[in-house]
Amino acid sequence: MTRPPSRSPLRYGIGAEAQIVADLLTAGLADANGVCLDCNDILLALARAGRPEMALAGLAGLAKHTEMWPRILDLLKANSRFRGRLIAVLGASTAMADHLVARPGDWELLLPELEGTELLTYDHVYAVMAASVGVDPAAPRCIGDAGARAKVTGGRAVLAMRNAYRSQVLIIAAHDLAQAVESSLPSVTLPAVSHALSDLADATLQVGLSLAAAGLPSSAQPARLAIVAMGKCGARELNYISDVDVIFVADHPAGQPGDEARMLATATTLAAQTMRICGQVAWEVDANLRPEGSAGALVRTPASHASYYKRWAHTWEFQALLKARPAAGDPDLGRQFVDITAPGVWSAAGRESFVDDVQAMRRRVEANIPEQLRDKELKLGAGGLRDVEFSVQLLQLVHGRSDEDLRIPGTLMALRALIRGGYVGRSDGAEMSAAYTFLRRAEHRIQLQRLRRTHLLPDDHADLDWLARTSGYTASGTSDAAAVFTAQRIQHGATVRRLHEKLFYRPLLNAVAAVPGDGLQLSPQAAAARLGALGFRAPDASLRHLAALTSGVSRRAAIQRTLLPVLLDTFAGSPDPDGGLLSYRHVSEALADTPWYLRLLRDEGLVSQRLASLLGASRLVGDLLARAPEVLRLLVHDEDLLAPQPDQVAAALLLKAVKGSTAEDSVDIARSARRHELLRLACGDMLGLIAVLDVTVGLTSVAEATLQAAYAAAVRQVTVERGSFDSRLAVIGMGRLGGGELGYSSDADVMYVAEPLPGHDVSAALDAARSVADLMVRLLGRPTPDPALEVDTNLRPEGRAGPLVRTMDSFKAYWAKFAAPWERQALLRAKPVAGDVELGAEFITAAASFRYPLDGLSQADVIEIRRIKVRVDTERMPRGADPSTHTKLGHGGLSDVEWTVQLLQLQHAGQIPELRTPRTLEALWVARDASLLTSEDAQYLEDSWLMATHVRNVLMMVSGKPEDQIPRQGRQLMGVARAMGYPAGSDPGQFIDDYRRTTRRARRVVDRIFSGGG
């Protein structure tokens, strides 16, 4: 490759395009042939600028517009500080370059001899801003003082202020950027830059207020007005261009009481005018953090503020007040406001709604980011600035109640205070501080380019390279500056996300574990306060769980200390943090000797996250998991969790069960396998991976297989005990079991039919069959660690008073002479589930003419079925239950839909064979296709049945016990809503509304079709 000539611009990385050569010539840096003159340091500095061609164009612009260019050029050659400042600004900010072209004399502001010991002081910037509109900088800064009123007013004043403001931003930016161009120059810290910008904002507000006061009529009622800075300005962390958040406070001048309404009118005029002036000069003034936001009064008295913050303020308002600081106007009045609100700030963590409010604020910020911008957001995205600020502020609110050293508005200063106080580890705090500084500096650079308010990383690679270079990054190896910067951004973002968990939860572990903890000093009381603020309702008990899990020097305790910061963050965001942590402790203790358990959680992040999410949302999962830990392995991949099919599960269960040496062993093996399947289905269900009908089919299939295993085991034992088993016995599934619609809390409704073997006595055969049936019930329900499968035989003829086992002839005789209409209805779901297959088929054939009458139901039978349903709904509805949200017996619930479909089957299945199905939805679809229901009515019934079925299952999963009533309020309702797919932070009332709307539509159909309402 041919090297460019030694004095070519290409040797400096500047380029040799025609415009660059022309600008070099204009600036006196090259001759007409494009040969660089004796200005090596300038050219090298240009090469290090954010955009060399932009910096060169700025120099050329100055050369054209000022007669002082020869002196400027000499200074650029001789003075590295001046050179670094001027070239850095021109290469970083088109807005600053335009300002210098418009006001070329401002180049002198960058001369080293004009700098003081600090970047810029408030007194300096105030003097500059005040002088621009003729305010005496030495005059008292009170509205009523004549010296504080502006001499220059109107549009001229706004223009003068804008020019003065830009001149001070120029100085700040030059100091901020210079080291990236001249590395020998001292660096300026991010806090120093933000502090200077905040002082400039204070001065601008103060002079804007003076300008507004100059426009007041002489008849205006005297008023004192304080401008309280909030947000970044209040914390002295202002950006180059950002809204300045404020709250206005007004009162009568001392010793001059008067008409309060007129005083407030004057103050409101001043506030509104100050906002307008500052908006034209520099940035928007945002007063929406005031009481009641944009709907509230712009200005309030101290008494009015005190009343509002005492009675009405939300938690987020007190969080915002962390940064409140008198910035302009009457300083005594501003301090009075801070004193009024401070007690509310430092008691906010004790508010009943604190946890929910804080979590809702966090979710609301994340939810408001458009999906396409999430990876570009420096402020609001995951691992962004808001994550850092939120973490620090929450820790301040929690621990600042008792530690006044934490009552600091600035993020970095507060983080240092948290480290000093032992609330945050030193290394964690240092990493968080470095990440925050990186992100804020990047935000500064992006905003400085055009002085526009933005938090988005640029899309264009050239712009990203400019951002990297102005931030001091250079190419490294095969990576250009943009790639190096991007790698750093990703690393810092990941650090923030990781440290969010550590900042909150690692100190808790060190507070309870008997191991050294990075110098942390968190007391048990402070740890309990933090847990309480994060959503744990029994923090003392939770601390004991953490101590049990993490204390000591064992390998298990060490892994738990690594896992728990992540898990606790998930628990804190779950509906039941305390229950989740307790379940996790029980599971961990039960699996303490299982070698792969903690290793799986440590190595598979998705498994640990899913486990914490499940335990914090479902007591059923926690109850089942300790004795079925192998299901955890299925959480690694969705396909593994979903792969087992009902027939495969059933076959595997039966294969395992036959290996039992006794009936108890066989059934215990079957029940253990059923536990595994219940847990697998519950995990998939809670994670939203398995549909409602697939859950019911899976639960029914595993229940049938368990019954079959129990039948086989019972027959073997009875045969041994009696010497023979002279009977054919079939188990007939009824209700939800027969319909293939079992839920997690469902019993197994069955009937038994028996026939003696040829040549054997009927009485002896029935006695043997009863022995088998009794033993099945005992084996399936006896106390063991595995869930019982409760067998219910009350649907048999004559109920509990009738014989447990009947012959076919006995059933036929009963149906012909004594059966009530409801028993005909119950048989609609009859299906053989275990025992003698041929006998089961004979039973179904014999029952067909009874349950599917060819001529349908008589009117008397229809009336009787309606009467029985009313009686069932009335007598079985629990006292105090809400009919609108009772999933089984409530309006539009399971009973309503199922009785309606079953009535249609009883009336029409004799003529429509397709209606002869035990499954509710299949019968519903056939009724629709046969025009017994309109498509709309069928859809309403289907939607309601599916929703009620899903909710009933969720109630069992969430509470760990059978339940049909949707909770009215509280965390359990939130847990049900979350499990139903409603997002975290959403109002669970939306779920209730949706449920009621769905069931209300179904109820209207039931009233017409079942109740005969027309």
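Since this is a predicted model, take the numbers as computed values, not measurements. (Residues numbered from 1 in each chain as written. Predicted model: local features only at pLDDT ≥ 70, side-chain atom pairs only at ≥ 80, totals over all residues. Heavy atoms only, no water.)

A. Here's a closer look at the overall build of the protein chain. Within the protein chain one finds 42 helices and ten strands. Taken against the 2.2 N^0.38 rule, which gives 31 Å for 1014 residues, the C-alpha radius of gyration of the protein chain at 39 Å runs more than 25% over that of a compact globule. For the protein chain, buried positions account for 56% of its 1014 residues. Sequence separation of at least 24 residues holds for 73% of the intrachain contacts in the protein chain that already meet a minimum separation of 6. (Helix = DSSP H or I, 4+ residues; strand = E, 2+ residues; numbered from the N terminus. Rg over C-alpha atoms; globule rule 2.2 N^0.38 Å. Buried < 20%, exposed > 50% of the residue type's maximum accessible area, 1.4 Å probe, protein only. Contact = heavy atoms within 4.5 Å.)

B. How the structure looks around the pattern of salt bridges. Considering all chains together, one arrives at 44 salt bridges under this definition. Residue Asp176 pairs with Arg445 through a salt bridge whose shortest N-O separation is 2.9 Å. Taken as a pair, Asp176 in helix α8 (residues 154-181) and Arg445 in helix α18 (residues 426-450) lie far apart in primary sequence, 269 residues in all. The pair Asp176 / Arg445 is uniform in exposure class, with both members buried. Two residues, Glu875 and Arg871, come together in a salt bridge whose shortest N-O distance is 3.1 Å. Residue Glu875 and its partner Arg871 are located together in helix α37 (residues 859-876), separated by four residues, close to a single helical turn. (Salt bridge = Lys/Arg side-chain N within 4 Å of Asp/Glu carboxyl O.)

C. Representation of the pairing of strand β2 (residues 244-251) within the structure. In terms of residue burial, β2 counts as a mostly covered element, since seven of its eight residues are buried. Looking at chain direction, strand β1 (residues 224-229) and β2 are connected through six bridges and run antiparallel. Paired with Arg224 across the strands is Asp251, a residue of β2. Taken together, the two bridges between β2 and strand β3 (residues 285-286) define a ladder with parallel strand orientation. By the bridge assignment, Asp245 is partnered in β3 with Asp286. Where the polypeptide runs from β2 across helix α11 (residues 260-281) and back to β3, its parallel neighbour, the crossover connection is right-handed. Examined bridge by bridge, β2 and strand β4 (residues 299-300) share two bridges and lie parallel to one another. Note that in β4 the partner of Phe248 across the bridge is Val299. (Pairing = 2+ DSSP bridges. Right-handed = clockwise from strand over helix to strand, strands pointing away.)

D. Representation of unusual backbone geometry within the structure. Although it is not a glycine, Glu292 adopts a positive phi angle of roughly 70 degrees. The phi dihedral of Leu451 falls on the positive side, at around 50 degrees, and the residue is not glycine. Position of Leu451 among the secondary structure elements: in the loop between α18 and α19 (461-470).

E. Spatial organisation of the packing of helix α6 (residues 94-102) against α8. Contact geometry of α6 with α8 gives a least axis separation of 10 Å together with a crossing angle of 120 degrees. Comparing the axis directions of α6 and α8 gives the class oblique. The two elements α6 and α8 cross, and the hand of that crossing is left-handed. Between α6 and α8, the residues in contact are Ala95, Met96, His99 and Leu100 and Asn163, Arg166, Ser167, Val169 and Leu170, respectively. Of the residues in the contact of α6 with α8, the class split is five nonpolar, three polar and one charged. (Axes fitted to C-alpha atoms, helices over the stretch in contact; angles between N-to-C directions. Parallel < 35°, antiparallel > 145°, perpendicular 65-115°, else oblique. Left-handed = near helix turned anticlockwise from the far one by under 90°. Nonpolar A, V, L, I, M, F, W, Y, C, P; charged D, E, K, R; others polar.)

F. Structural view of the environment of Val207. The topology assignment puts Val207 in helix α9 (residues 190-214). By relative accessible area, which is 0% here, Val207 ends up buried. With residues up to four places along the chain from it excluded, the contact list for Val207 reads Tyr126, Met129, Ala130, Val133 and Met161.

G. Fine view of the nonpolar core. Core analysis: the biggest nonpolar cluster contains 308 residues, and Tyr584, Leu707 and Phe991 have the highest contact counts within it. Sequence-distant contacts of Phe991, that is, excluding residues within four places in its chain, are made with Met947, Val951, Ile966, Leu973, Val976, Ala977, Met980 and Tyr982. Met734, Leu827, Ala830 and Phe843 belong to the second largest nonpolar core, which has 18 residues in total. (Core = buried A, V, L, I, M, F, W, Y, C linked by side-chain atoms within 4.5 Å.)

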